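So the chains spell out like this:
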Amino acid sequence: MDDNLIVKPLRNLAHYYVHLLSRLGLVKFTLSLATLIIVAALAIQMVLTFFLTGSMASKDDVVRSVFFGLVITPWAVFFMSVVVDQLEDSRQRLTKMIRKLEKMRTRDLELNKKLKENITLLNSEIGERKRAEKALQHTMAELRQEVQIRQQAQDELEERSALLRSFIDTSPDLVFYRNQSGQFSGCNIAMEKLTGKTEQQMIGLTPIEVYSDDVAQFEMQTDKEVFASDESMTYAQWLTYPDGRKAYFELHKVPFYSGDGHRLGLLGFGRDITERKHYQEGLERASREKTEFISTLSHELRTPLNGVVGLSQILLDSPLNPEQRRQLQTIYISAVTLGNIFNDVIDLDKLDRRRFNINKAPMELPAFLHDLERLAVLQLEAKNLSFSIDYPQQLPVWVETDATRLRQVLWNIISNATKFTEQGGVTIRLSISERTEEHCVLTFDVADTGIGIPHDELENIFAMYYQVDNKAQATGTGIGLAVSKQFVEAMDGQLSVTSELGEGTCFTICLPMRICDQQQIDEDDELPPLHLLLVEDVELNIQVAKTLLEKQGHEVKVAKTGQQALDQVLANDDFDVLLLDIQLPDMTGFELADTLKERFKDDLPPMVALTANVVNRKEDYQRHGMVDVVRKPLSIKAVNKVFNHLFSVSGVSSTMADAPSVSEAEVVPSHVNNESLILDEEVLGEFCQALGTEGMAKNVDLFEQAIDPYLDVLHSNLIAQDHDGIVSEAHKIKGAAGSVGLARMQRLANQMQSPDLPAWQHNLTRWFEELSNARKQDIATLRTWLSEHRQTFSR
C-alpha cells in the first residue's frame, strides 16, 4: 500500500516530465531543466549555508550551483531522454497492444455475437430437429404402413399378373408386343408355336428375322401405319407354322403408352379364323357350285335337246296318223319349252367361270366324223340347209383327244351356224399339218353361208354371254362360243373366227393330237451293276426307288437335298448315273444340274431327271445337261430302257438324239386316267415282283404314316390359296401315291398339282375332299389286294 503511495507520484512526475519534454522539445526542455537545477542547487546551497553558517550564500556558492547545474543537466537530460524513449517505446507498444486488445475485444464481441446467434440458431435447429425427428418417426410409421399396403398391393398385382399371364399363355390367340424400333419385347405360347421360337429367343428380333420375307414386309408396313396414325388397325394375314401348315389370322394392332403418355410400342393380337374363312368359302363355293351346276346342266342338255327338236321336226314332215302327229307335236313343243326354261335359268345364274375336265383317250377319227355328220344333217335338214364334211384320204385312224369335248365344240359351232343361216348350208373342212409318226395338228374349218358378223364385234364373239346386236335370230344365252373356246384352249388348241357381213362366217379349230399306233414292245436287256446317286426328298419315293434299283443289282446312294448331292458327288467320283428329282427342298433339279455341270464340266456322270410333272419338251431338260427323263413312280422297264440307251447294252447309240423322246412321258399313265380305277395293278404287279408283297406292305405302312401330315399341309395351303404350296404338296402326295400303286389318289393329286388345267382353282376343294375321303378306303383296298395276291408273288 505504501509502495503505491511512492510509486504513483513518481509515475505522475515521470509522466509530467515526459509530457514537458514532448511539449517543449529537447532544447527548451534542456535549458529549462538546467535553469531549474541551477535554481534548485542555488536554493539548496543557500539554505544549507544559511543553516550551517547563518549567512547567505556567497558568489562562489552561486558559481558552484551554476557549475553543478551545467554538469548535472546533460546527464539528467540524457537520463531523462533514455527514460522518455523507453517510456515512448513502452507507450507505443502499449498503444499497439491496446489496439490489438481492442481488435481482439471487437472480434471477441463479434464472435460472442455470432456465438450467441449460433447458439440461438442451434437451439432453433435443435428444436426443429426434435420436431423433424418427431415428424420422421410419424412419417416412418406411415411409411411402414404404406410399405405394408404396397406389399399387399404388389402381392395382389403379382397374383393378377400371374393370372393374366396364365390367361395370355393359355389363350389360343396370338399375343405379342413390339417396341418403337419394331423389335419383339414379348409374346405368348401361341406365338411361340407359330414362330418356332421361344419368347426369350424372340426378344430383340425384328419381323424380318421371324417371318418370311413377304409377311415381314407386310408386318413392318402395318406397324408404320399404326405408329403414323396412332390408331389401332385390324387386318387378316396368312401365317405359316414351322411344319408348313398355314393358318388365316385376324390381327389387331394397337399402340400402347407409359403412364406419362410416352408411346412405348404396339400390342398385337391374332385370332385363327381359318375355319371361319373355310366355312365362308364353303358357303360361297356351295352357292357358286349350285349356280355352275344349274348352268352346266342347262348347257350340257341343250345338245341332246336340240337333237330331240330336230328329229321331231323331221318326223313331223313325214307321213303320220293323227294320233302320232299329235303326240309328236307335244314332244316338239315340250322340247322347245324346256329349251327356253334352260335359257331362262342361264340368264338368272350368270357363270363367272366354267368347270370342266379334259380327259384324253384314243378316238377313232373316221367314226367320230361319221357320227358328227349324221347328227348335223338331221339338224340342218329342218331348215332345208345342206351339210358336208371334206377331209383328206390319209387321215390317222386313231388319235388321242377328248372326244366328248371336241364333239361339244363342233356341235356348238354347227348349232350357232344353223341359227344364223337361212340359205345355203354348213361345211366342215378337215386338214392335217405338222404330221410326224407320233403327232399331228388337225384343223377344222366350220364355214356357213349365214348373215355374218361385223368386224368390230369379232373380238367379242367369244366373251361370256355376248351376242351380236340387232339380230332377231340371236336367241339363247351367249355362252356356247365362250365355253367352246375354253374347251379348245384346255386341249392345247386354238379357236378363231373370220366373217364377212352377208357372206357367212368361218370358225377355225386347230388341235394338236397324238397319233395312236400299235404299242411297241421294248425288250429288257440285262444291265451290269451300276453305282447310282438317287437325289429325292420324299421318304416313300426313296424307299421304293432304292429297293427297286437294288433288286436289279445296282448300288444306290441317297441325297435328300441338292447340297447333299453336291457333297456326295464331290466326295465320290465313281457314280455311273445321277438320278435327279426336279423338286427338292433347297433347289430345283435344274439348278442342281447347272451347278454340277459348271463344277465338273466333261467329267460329270450322265444325269437323268426324275419327275412326276408334265414333260412336253425334251429341250428343256437337254439345256440343263440331262440326258433323259424318267417318270415317277419308277418303272423297272422305263429305267432299264434309259440305262440301255446310256450304256449301249444292245448296241444302241447312247447319244441324246437316239434317246427316247421325253415327250412320251405322261403325268399319269393313260390307264390310270380311268375315273373308276382305284389301284394301278400294272405298277403293283411290277413292284410286288421286285419287292414281294411283304416289302410292298411295309411301303404301304410308310405311306399311311406320311399321308396325314401331307394332307394337313395341303389343306392349310388350300385355305390360304397358296398356289405354289398347293402344287408342291400335291406333287409330294402324287409321287407317294404312285409309289404304292394308288391310282385314284395319284390322279387326284396330279390334278391338284396341275394349275394349267381348266377351272383348276375352282376344282381344288372338290379334288381335296375326294382325296381325303379316298385315303382310308383306297389304302384298305390296297391291303386287300396285297393279301389276295400274296401267293401269286411268293412263287
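Owing to the predicted nature of the structure, the values given are computational and were not obtained by experimental measurement.

## Notes on the sheet that holds strand β5 (residues 263–272)
In space, the five strands of this open sheet follow the order β2-β1-β5-β4-β3, with antiparallel pairing throughout. The sheet terminates laterally at β2 (184–187) and β3 (233–240), the two strands that pair on one side only. Pairwise comparison of adjacent strand axes, ignoring direction, gives a mean angle of 25 degrees for this sheet. Across six bridges, the pairing between strand β1 (residues 174–179) and β5 is antiparallel. Within β5, the position partnered with arginine 178 by the bridge is leucine 266. Helix α5 (residues 213–229) contacts β1, β3, β4 (246–257) and β5 of the sheet and is inclined by roughly 165 degrees relative to β3.

## Looking at the packing of aromatic side chains
Tallied over the entire structure, the rule returns four aromatic pairs. Judged by centre distance (4.6 Å) and plane angle (50 degrees), the rings of tryptophan 238 and tyrosine 248 are tilted. You can see tryptophan 238 sitting in strand β3 and its partner tyrosine 248 sitting in strand β4, a full 10 residues away along the chain. Among the aromatic residues, ring-to-ring pairing joins Phe176, Phe184 and Tyr211 into one connected group. The ring centre of phenylalanine 184 lies 4.8 Å from the NZ or CZ of arginine 178, which sits over that ring. Between the NZ or CZ atom of arginine 245 and the centre of the ring of tyrosine 241, over which it lies, the distance is 4.1 Å.

## Overview of the packing of helix α16 (residues 681–720) against helix α17 (residues 723–739)
Orientation of α16 relative to α17, taken along the N-to-C sense of each, is 160 degrees, at an axis distance of 6 Å. The pairing of α16 with α17 is recorded here as roughly antiparallel in orientation. Crossing hand, α16 versus α17: left-handed. Across from Val683, Phe687, Met696, Phe703, Ile707, Tyr710, Leu711, Val713, Leu714, Asn717 and Leu718 in α16, the residues of α17 making contact are Gly725, Ile726, Glu729, Ala730, Lys732, Ile733, Ala736, Ala737, Gly738 and Ser739. Residue classes in the contact of α16 with α17 are distributed as 15 nonpolar, four polar and two charged.

## Comments concerning the confidence of the model for the chain
Model confidence for the chain is summarised by a mean pLDDT of 77, while 77% of its residues fall at 70 or above. Across residues 347–355, where pLDDT falls below 50, the model places 30 contacts with residues more than four positions away in sequence or in other chains. Overall, residues 649–674 carries pLDDT values under 50, and its contacts beyond four positions in sequence, including any with other chains, amount to 63 contacts.

## A closer look at the nonpolar core
Phe703, Leu742 and Met752 are the most contacted members of the largest nonpolar core, which has 44 residues in total. The set of elements that each furnish at least two residues to this core consists of α11 (539–551), α16, α17, α18 (743–752) and α19 (760–788). Per element, the largest residue contribution to this core is 14 residues, and it comes from α16. Counting residues in each nonpolar core, the second largest holds 43 residues, with Leu385, Phe462, Val483 and Met491 among its members.

## Here's the deal with α16
The end-to-end C-alpha distance of α16, which contains 40 residues, comes to just 36 Å, noticeably less than the 58 Å that a straight helix rising 1.5 Å per residue would cover. Taken as a whole, α16 carries its principal kink of about 105 degrees at glycine 692. Phi turns positive one or two residues past the end of α16, at glutamine 721, with a value near 55 degrees.

## Remarks on the sheet that holds strand β17 (residues 626–631)
Taken together, the five strands give an open sheet; going across it, the order is β14-β13-β15-β16-β17, and neighbouring strands pair in parallel fashion. In the strand order of this sheet, the two ends are held by β14 (555–559) and β17, each with one partner. Sheet twist, expressed as the average angle between the axes of neighbouring strands with direction ignored, equals 25 degrees. Here strand β16 (residues 607–611) pairs with β17 via five bridges, running parallel.

Parameters at a glance
Residues numbered from 1 in each chain as written. Predicted model: local features only at pLDDT ≥ 70, side-chain atom pairs only at ≥ 80, totals over all residues. Heavy atoms only, no water. Pairing = 2+ DSSP bridges. Helix = DSSP H or I, 4+ residues; strand = E, 2+ residues; numbered from the N terminus. Axes fitted to C-alpha atoms, helices over the stretch in contact; angles between N-to-C directions. Contact = heavy atoms within 4.5 Å. Phe/Tyr/Trp six-rings, centres within 6.5 Å; stacked < 30°, edge-to-face > 60°. Lys NZ or Arg CZ within 6 Å of the ring centre and 35° of its normal. Parallel < 35°, antiparallel > 145°, perpendicular 65-115°, else oblique. Left-handed = near helix turned anticlockwise from the far one by under 90°. Nonpolar A, V, L, I, M, F, W, Y, C, P; charged D, E, K, R; others polar. pLDDT = per-residue confidence, 0-100. Core = buried A, V, L, I, M, F, W, Y, C linked by side-chain atoms within 4.5 Å. Buried < 20%, exposed > 50% of the residue type's maximum accessible area, 1.4 Å probe, protein only. Expected span 1.5 Å × (residues − 1). Bend = angle between axes of the 7 residues up to and from the residue.

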